[in-house]
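Here is how the chains run, residue by residue.
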Amino acid sequence: MALTRRISGLLPPVSTASSSSSFLHRRAFSTDDTTTITVETSVPFTSHNCEPPSRSIDTTPKELMKFFTDMALMRRMEIAADSLYKSKLIRGFCHLYDGQEAVSIGMEAAITKKDCIITAYRDHCLFLGRGGTLLESFAELMGRQAGCSNGKGGSMHFYKKDACFFGGHGIVGAQVPLGCGLAFAQKYRKEDHVTFAMYGDGAANQGQLFEALNMAALWDLPAILVCENNHYGMGTAEWRAAKSPAYYKRGDYVPGLKVDGMDAFAVKQACKFAKEHVLKNGPIILEMDTYRYHGHSMSDPGSTYRTRDEISGVRQERDPIERIRKLILAHDLATEKELKDIEKQARKEVDEAIAQAKESPMPDEPELFTNVYRKGYGVESFGTDRKEVRAALP
Amino acid sequence: MWGIVRQNVGGASGLSSQVMRLRPVASAMRNYSSATKEMTVRDALNSALDEEMAADPNVFVMGEEVGEYQGAYKITKGLLDKYGPERVVDTPITEAGFAGIGVGSAYHGLRPVIEFMTFNFSMQAIDHVINSAAKSNYMSAGQINVPIVFRGPNGPAAGVGAQHSQCYGAWYGSVPGLKVLVPYSSEDARGLLKAAIRDPDPVVFLENELLYGESFPVSAEVLDSSFCLPIGKAKIEREGKDITITAFSKMVGYALKAAEILEKDGINAEVINLRSIRPLDRATINASVRKTNRLVTVEEGFPQHGIGAEICASVVEDSFGYLDAPVERVAGADVPTPYAANLERMAFPQIEDIVRAAKRACYRAVPMAATA
């Protein structure tokens, strides 16, 4: 997988990265997963109708380095996507996740690829966290064949079914009942796996969320509702949209936990706690207190409804990558230069993936008609001029 | 020639039709009293909302980002400052809820203008549009009319993918009790929105994101605050005698461009801007087909059970003997909208599709049934 191979010392399939990562092997930390380091979350957990987990979390040098490397890659990917959008290589909508990386990273550290994740349209980094590659991501953004949806989905519709990542949804709130449905199937099949249904503070007021949550609670579904509260639903601040912005409490009879979403370890601990909880007790809500540096989408400057001071303040005080950097330096797992080299490496990988993605062709024209159905029975479908272009759907 | 600033949006242009009727500006400044002023569709909608809100204190606007954000597409820009938060209401992202609240307020005599950020999101609220709004006057035997307008961008934009590109004209157009309007030009936008707000019944007002930035000439009459267009009347944008092309919204511009190309091949096309899907101006359409004997319908929505299908049925029912060729339908491709630019281009009608279909109807091309 693109994210983890370098740190674990295995050579990546693309031959470019290995020479510059050799410096990492000189230190034992890069593969050290036996030394225990205990970290404290930035703030204690606040809970609703449950006992919060401990704020002391055990980790290893390997995990700390992985967190840093993976988040650096995600950050770099989103920043590169910004440039690509401005150069018109990405069209339509593009919703960037930079600032929120710790939620994906912490979650992945606590779960398996058999646990399901579903989210809305701010999905690029979650896709990467599930094992998607940079190439699949950039190619999809640019509408090319090598994209994870063969170029047919676009930014808001990334999927990776083999890693139980179910997208990638454009309609605010819809992914929550869908996520509860994934949990329903997991329970129906008596699996020991859970679903993380992610949504934002904007979606938190959607009626369908409460309908699905009620059923999840009635039927004890292993559903974890994760509110990524970045405090703004498009241009509307949470206090203007929600009578109660204490999203972790909105489940009422469903327990909840408020988590510092900029702290990857807090996220990891919360997700681990949630997974254990729902397998026994039915749904739980996790509210991740997080922040997006970009506006809602590339069409939104993000500064008409919040101040630049607020944005730079969060960047200075709470940036998730900086937090890990400080921990790594404090525990002497790497030098500043080594960390900067990792970031340079991330930049390099991103640039290479973009170059490769640009080489990927646009979909062939017959692709217009593929995958309308799983089973089309040969039914006829039509192009814009129905007498000029038609196809039989297989 | 016109010296007018235009945004180049998807090739659609209404100006060319005006060229047929009016003479160039430079030499004609004093030759006619109608417009030299241009207005974007965005400004047309904004000014219409502004004027209707000023005229009737019961009119209010509600939707996502309509107030402080000045409108997701800036259609409601300046209205919050002018009319205050009681009349320009920002909502949470909860369409079912605020559409229902809007309809309820209309039951009690207010005149809401509910904005859907796009009509794709209206699917979350469609029960209220249909069951709470459209049917109420009937079910209550006339006691409860619903003077509400649901407005917002409809149909494809550019590269926004399958869930953000659907045209809802056919869906809403099939519901008795609703009025469904589809403006094209700035004159349409102003006149039809003002008419919609003044109308005592629920109106679904389908705009188009790519038209918002387009400029059209507007006469002094159009700019007047009393200007209104009749609901249910189509406009003949371009007169012709060889073939009728019906279209609405952005496709009107494409149809006009297609007509220019057809002219060069000696085919004189009549372009009808529907302006209204429900009521559908069957009289104008049929009168045109009786004159030209050939018809091409154009729409961006899915073909099956679409607007063109209804128009074709109407013509077959009322003017069968006048048809000299089968009715041709140009519509969106029968697939969810792809993201990739080349596939998206194949998914929505292009000018050449309209030209080709028109030539077939005129027996100027060998009819092909190509299999992909």
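The name given to chain B in an unreviewed UniProt entry is Pyruvate dehydrogenase E1 component subunit beta, with Deinandra increscens subsp. villosa as the source organism. Taken verbatim from the UniProt record of chain B, the Cofactor (unreviewed entry) comment is "thiamine diphosphate". Looking at the Subunit (unreviewed entry) heading of the UniProt record, one finds this comment for chain B: "Tetramer of 2 alpha and 2 beta subunits."

Naming follows an unreviewed UniProt entry, where chain A appears as Pyruvate dehydrogenase E1 component subunit alpha of Deinandra increscens subsp. villosa. Per UniProt, the comment on chain A under Subunit (unreviewed entry) is "Tetramer of 2 alpha and 2 beta subunits." In its Function (unreviewed entry) section, the UniProt entry covering chain A states "The pyruvate dehydrogenase complex catalyzes the overall conversion of pyruvate to acetyl-CoA and CO(2). It contains multiple copies of three enzymatic components: pyruvate dehydrogenase (E1), dihydrolipoamide acetyltransferase (E2) and lipoamide dehydrogenase (E3)."

Let us now look at the UniProt feature "domain: Transketolase-like pyrimidine-binding" (unreviewed entry) in chain B. Under the UniProt annotation, the feature "domain: Transketolase-like pyrimidine-binding" (unreviewed entry) is placed at residues 39–214 of chain B. Helix makes up 36% of residues 39–214 of chain B and strand 16%. Its end C-alpha atoms lie 8 Å apart.

For the rest of this paragraph, the subject is the side chain of Lys160 of chain A. Note on placement: Lys160 of chain A falls in the loop between α6 (134–141) and α7 (175–188). Not counting chain neighbours up to four residues away, the residues in contact with Lys160 of chain A comprise Phe127, Arg130, Gly131, Gly132 and Phe165 of chain A.

This part covers the state of the cysteines. Residue and element names in this part refer to chain B. Taken as a whole and assessed by the stated rule, the structure comprises 0 disulfides over all chains. The thiol of Cys312 is unpaired, and the distance to the nearest cysteine sulfur, on Cys362, comes to 16 Å. On the accessibility criterion, Cys362 (13% relative accessible area) is buried.

Residue and element names in this part refer to chain B. Taken N-terminus to C-terminus, the directions of helix α11 (residues 250–264) and helix α15 (residues 351–361) make an angle of 55°; their axes are 9 Å apart at the nearest point. With respect to α15, the element α11 is oriented oblique. In this structure, the crossing between α11 and α15 has a hand that is right-handed. In this structure, α11 uses Tyr254, Ala255, Lys257, Ala258, Ile261 and Leu262 to contact α15, whose residues at the interface are Ile351, Ile354, Val355, Ala358 and Lys359. Of the residues that constitute the contact of α11 with α15, the class distribution is 9 nonpolar, no polar and 2 charged.

All chains considered together, the criterion is met by 49 salt bridges over all chains. Among the salt bridges present, the one from Arg151 of chain B reaches Glu115 of chain B, with a minimum N-O distance of 2.6 Å. Residue Arg151 of chain B is found in strand β5 (residues 149–153), and its partner Glu115 of chain B is found in strand β4 (residues 111–115); the two are separated by 36 residues along the sequence. With a relative accessible area of 0%, Arg151 of chain B lands in the buried category. Its salt-bridge partner being Arg282 of chain B, residue Glu310 of chain B comes within 2.6 Å of it at the nearest N-O pair. Of this pair, Glu310 of chain B sits in helix α13 (residues 307–319) while Arg282 of chain B sits in helix α12 (residues 282–292), and the two are 28 residues apart along the sequence. Residue classification places Glu310 of chain B among the partly exposed residues on the basis of a relative accessible area of 37%. The structure contains a network of salt bridges with shared partners spanning Asp385, Lys387 and Glu388 of chain A together with Glu328, Asp353, Arg356 and Arg360 of chain B.

Moving on, we come to the interface of chain B and chain A. Each partner contributes residues to the interface: chain B has 51 residues there, and chain A has 52 residues. A combined buried area of about 4200 Å² lies between chain B and chain A, and 55% of that area is made up of carbon and sulfur atoms. The interface formed by chain B and chain A holds 7 salt bridges in total. A salt bridge links Asp385 of chain A to Arg356 of chain B, with the shortest nitrogen-to-oxygen separation between them at 2.8 Å. Here chain B and chain A share 23 residue pairs in polar contact (both at pLDDT 80 or more) between them. Within the residue set of the side of chain B that touches chain A, elements represented by two or more residues are β14 (328–330), α14 (341–347) and α15 of chain B. When residues in the side of chain B that touches chain A are grouped by element, the largest group, 6 residues, is from α14 of chain B. Grouping the amino acids of the side of chain B that touches chain A by side-chain chemistry returns 30 nonpolar, 10 polar and 11 charged.

Residue and element names in this part refer to chain B. Spatially, β9-β11-β10-β13-β14 is the arrangement adopted by the 5 strands of the open sheet, whose pairing is mixed. The open sheet has two edge strands with one neighbour each: β9 (235–238) and β14. Ignoring strand direction, the axes of neighbouring strands in this sheet form an average angle of 25°. Relative to the sheet, α13 contacts β10 (243–247), β13 (295–298) and β14, its axis offset from that of β13 by approximately 155°. Most of the contacts of α15 go to β14, to which it runs at about 175°, and overall it touches β10, β13 and β14.

For the rest of this paragraph, the subject is the packing of aromatic side chains. Under the definition given, this model contains 16 aromatic pairs over all chains. A centroid spacing of 6.2 Å and a plane angle of 40° characterise the contact between Tyr305 of chain A and Tyr69 of chain B, whose relative ring orientation is tilted. Of this pair, Tyr305 of chain A sits in the loop between β10 (284–289) and α11 (308–318) while Tyr69 of chain B sits in the loop between β2 (59–63) and α4 (79–83), which puts the two residues in different chains. Each of the two residues, Tyr305 of chain A as well as Tyr69 of chain B, counts as buried. Relative to Tyr172 of chain B, the ring of Tyr168 of chain B lies with its centre 6.5 Å away and its plane at 50°, an arrangement referred to as tilted. Taken together, the ring pairs connect Phe98, Phe116, Phe119, Phe150, Tyr168, Trp171 and Tyr172 of chain B into an aromatic cluster. Above the ring of Tyr232 of chain A, the side-chain terminus of Arg306 of chain A is found at 5.7 Å from the ring centroid. The ring of Tyr293 of chain A has Arg315 of chain A lying over it, and the distance from NZ or CZ to the ring centre is 4.0 Å.

Residue and element names in this part refer to chain B. Here Val113 lies in strand β4. A relative accessible area of 1% places Val113 in the buried class. Sequence separation between Val113 and Met139 is 26 residues; the distance between their C-alpha atoms is 23 Å. With near-sequence residues (within four places) excluded, Val113 lies in contact with Leu49, Val59, Phe60, Val61, Met62, Val149, Arg151 and Ile197.

Quick look at the pairing of β10 of chain B now. Residues and elements named next belong to chain B. Of all 5 residues in β10, 5 are buried; the element is thus mostly enclosed. Of the two faces of β10, both are covered, the one formed by Ile243, Ile245 and Ala247 as well as the one formed by Thr244 and Thr246. Looking at chain direction, β10 and strand β11 (residues 269–273) are connected through 5 bridges and run parallel. If you follow Thr244 over to β11, its bridge partner there is Glu270. Once you follow β10 into α11 and on to β11, the crossover reads as right-handed. Where β10 meets β13, 3 bridges bridge the pair, whose relative direction is parallel. Looking at β13, one finds that Thr246 is bridged to Thr297.

Glancing now at the confidence of the model for chain B. Residue and element names in this part refer to chain B. Looking at chain B, the pLDDT average stands at 91 and 88% of residues meet or exceed 70. Below a pLDDT of 50 lies the segment residues 1–32, which in the model reaches 54 contacts outside its immediate sequence neighbourhood of four places, other chains included. Scored as a whole, the predicted complex attains pTM 0.90, and scored at its interfaces, ipTM 0.89.

What counts, and where the lines are drawn
Residues numbered from 1 in each chain as written. Chains lettered and ligands numbered in written order. Predicted model: local features only at pLDDT ≥ 70, side-chain atom pairs only at ≥ 80, totals over all residues. Heavy atoms only, no water. UniProt positions renumbered as here; feature names shortened; annotations may be inferred. Helix = DSSP H or I, 4+ residues; strand = E, 2+ residues; numbered from the N terminus. Contact = heavy atoms within 4.5 Å. Disulfide = S-S within 2.5 Å. Buried < 20%, exposed > 50% of the residue type's maximum accessible area, 1.4 Å probe, protein only. Axes fitted to C-alpha atoms, helices over the stretch in contact; angles between N-to-C directions. Parallel < 35°, antiparallel > 145°, perpendicular 65-115°, else oblique. Left-handed = near helix turned anticlockwise from the far one by under 90°. Nonpolar A, V, L, I, M, F, W, Y, C, P; charged D, E, K, R; others polar. Salt bridge = Lys/Arg side-chain N within 4 Å of Asp/Glu carboxyl O. Buried area = accessible area lost by both parts, 1.4 Å probe. Polar contact = N/O pair within 3.5 Å; in protein donor to acceptor, adjacent residues only side chain to side chain. Pairing = 2+ DSSP bridges. Phe/Tyr/Trp six-rings, centres within 6.5 Å; stacked < 30°, edge-to-face > 60°. Lys NZ or Arg CZ within 6 Å of the ring centre and 35° of its normal. Right-handed = clockwise from strand over helix to strand, strands pointing away. pLDDT = per-residue confidence, 0-100.

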